[in-house]
Amino acid sequence: MKVLPFKIAKHATDTLIVQEDRGMSFYDKFHQHEEVQISFIVSGEGSMIVGDTIAEYTQGDILIFGSNVPHVLKSAPSLMESYMISLFFTRESFGTVFFDLPEFFDLLDFFKDLVYGIKVFSEKEKLKELFFEIVEKQEKLDRFIVFLKVLRTLQEAKTETISSFVSKRAYTDNEGKRMGKVFQIVMNEFYRDFSLQEIADLIHMTPNAFCRYFKQRTNKTFFQFLIEVRIEHACRLLSRERETTISEISYRCGFKNVSNFNRKFKKIKGMTPSSYKQQQLESHFK
């Protein structure tokens, strides 16, 4: 299976694709596809990369990725099944002028933001019901009617973009495989030391060429990316392992000393690890 581009399986007569992904993990290769993807995380949690941004996803999240937006969802080790319902469609799925109709003018900003990926923060209960309803429907017309309700609800919902930078051009298959290898090894082995030589050798480049290549496609250096992956993992541990010390979490996430961890954490998250841990504790008991 090609890492990039990724082809969504569909019948020749399909316009709207409704897909359920179940298992111990989601498809964890860095990929992009022509279709817009609207996904509801029914269960499961982990990290995701969208463009230049590493973030967490968790049960109940609603995520939207625009056409050809490179992304990956890396499930965290868990005994919980990962279950996601996704809707796939293109701007032309229902006719070349469908989304240009006056009835969809209010969605223009919504479609513009899709290039950065979107996370939904309101109307989630209503959207959850619509996702389960669309899965239950068997007739295509019934599914399409529910899909329009989803779009209407998203139009009213509070959303935020996930990424701040996405490469303007689509990845070639070879580029996707290269970037996928880099993302894969970092997300799986973020806790250990890496050298530029090791990563460059992985994708058959010189260190200098790799640095330019990575910066052009992510708008950040390789080591910036590595630190952000470590910090996101630390956030998950701080939220879930309340008895574990910050020093231990720092070490498990690949930091050599706790003062460096505190400094990097505050720079990325805008607060210290201890403040973040306290914030998560308070929100849990609300």
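Residues numbered from 1 in each chain as written. Predicted model: local features only at pLDDT ≥ 70, side-chain atom pairs only at ≥ 80, totals over all residues. Heavy atoms only, no water.

Visitor: I'd like a rundown of the nonpolar core, residues and numbers included.
Guide: Membership of the largest hydrophobic core comes to 33 residues, with the highest contact counts inside it found for Ile 64, Leu 87 and Phe 89. Of all the elements in the fold, those that place two or more residues in this core are β2 (36-43), β5 (62-65), β7 (82-89), α1 (108-113), β8 (118-120), α2 (124-136) and α3 (140-156). When residues no more than four places from it in sequence are discounted, the contact partners of Phe 89 are Thr 15, Leu 16, Glu 35, Val 36, Ile 38, Phe 94, Phe 99, Phe 111 and Phe 147. Membership of the second largest hydrophobic core comes to 23 residues, among which are Met 179, Val 182, Ile 199 and Phe 225. (Core = buried A, V, L, I, M, F, W, Y, C linked by side-chain atoms within 4.5 Å. Buried < 20%, exposed > 50% of the residue type's maximum accessible area, 1.4 Å probe, protein only. Helix = DSSP H or I, 4+ residues; strand = E, 2+ residues; numbered from the N terminus. Contact = heavy atoms within 4.5 Å.)

Visitor: Residue-level account of the sheet that holds strand β6 (residues 71-75), with values.
Guide: Strand pairing in a sheet relies on backbone hydrogen bonds, with the paired strands running either antiparallel or parallel. Pairing within the open sheet is antiparallel, and its 3 strands lie in the order β4-β3-β6. Each end of this open sheet is capped by a strand with a single partner; those strands are β4 (53-57) and β6. Direction aside, neighbouring strands of the sheet carry axes that sit 20° apart on average. When strand β3 (residues 46-50) meets β4, the two strands line up antiparallel, connected through 5 bridges. The residue bridging Val 50 from the neighbouring strand is Thr 53, located in β4. Strand contacts of helix α7 (residues 222-240): β3 and β4, with the helix running at about 20° to β4, the strand carrying the most contacts. (Pairing = 2+ DSSP bridges. Axes fitted to C-alpha atoms, helices over the stretch in contact; angles between N-to-C directions.)

Visitor: Go over the confidence of the model for the protein chain, please, and point to the residues and values.
Guide: For the protein chain, the mean per-residue pLDDT works out to 88, and 92% of the residues sit at or above 70. Put simply, α1 is where the protein chain has its lowest mean pLDDT, 83, and α2 is where it has its highest, 97. This model gives residues 1-5 a pLDDT under 50, and the stretch forms 20 contacts once residues within four places in sequence are excluded. (pLDDT = per-residue confidence, 0-100.)

Visitor: Describe the packing of α7 against helix α9 (residues 258-269), listing the residues and the values that go with them.
Guide: Running from N to C, α7 and α9 point in directions that differ by 95°, and their axes come no closer than 10 Å. In terms of their interaxial angle, α7 and α9 are classed as roughly perpendicular. Contacts from Ile 227, Glu 228, Ile 231, Glu 232, Ala 234, Cys 235 and Leu 238 in α7 reach Phe 261, Lys 264, Phe 265, Ile 268 and Lys 269 in α9. Partitioning the contact of α7 with α9 into residue classes produces 8 nonpolar, no polar and 4 charged. (Parallel < 35°, antiparallel > 145°, perpendicular 65-115°, else oblique. Nonpolar A, V, L, I, M, F, W, Y, C, P; charged D, E, K, R; others polar.)

Visitor: Describe in detail the pattern of salt bridges, supporting the description with residues and values.
Guide: Counting across every chain of the model gives 14 salt bridges. A salt bridge links Lys 124 to Asp 61; the nearest nitrogen and oxygen atoms lie 3.9 Å apart. Separated by 63 residues along the polypeptide, Lys 124 in helix α2 and Asp 61 in the loop between β4 and β5 bring together distant segments of the chain. Residue Asp 61 is classed as buried on the basis of its relative accessible area of 4%. Across the pair Glu 133 and Lys 137 runs a salt bridge, and its minimum N-O distance is 4.0 Å. (Salt bridge = Lys/Arg side-chain N within 4 Å of Asp/Glu carboxyl O.)

Visitor: Any chance you could break down α3 for me, citing the residues and the numbers?
Guide: The α-helix advances 3.6 residues per turn, and as a result positions three or four apart in sequence lie on the same side. With 17 residues, α3 should cover 24 Å at 1.5 Å per step; its first-to-last C-alpha distance of 25 Å lies within 8% of that length. When α3 is considered as a whole, its buried residues turn out to be Val 146, Phe 147, Val 150, Leu 151, Thr 153 and Leu 154. For α3, the angular spread of buried residues about the axis comes to 165°, placing them on one side. Exposed residues on α3 whose side chains face more than 90 degrees from its buried face are Leu 141 and Arg 152. Packing partners of the buried residues in α3 comprise β2, β5, β7, α1, β8 and α2. (Expected span 1.5 Å × (residues − 1). Arc of directions from axis to C-beta.)

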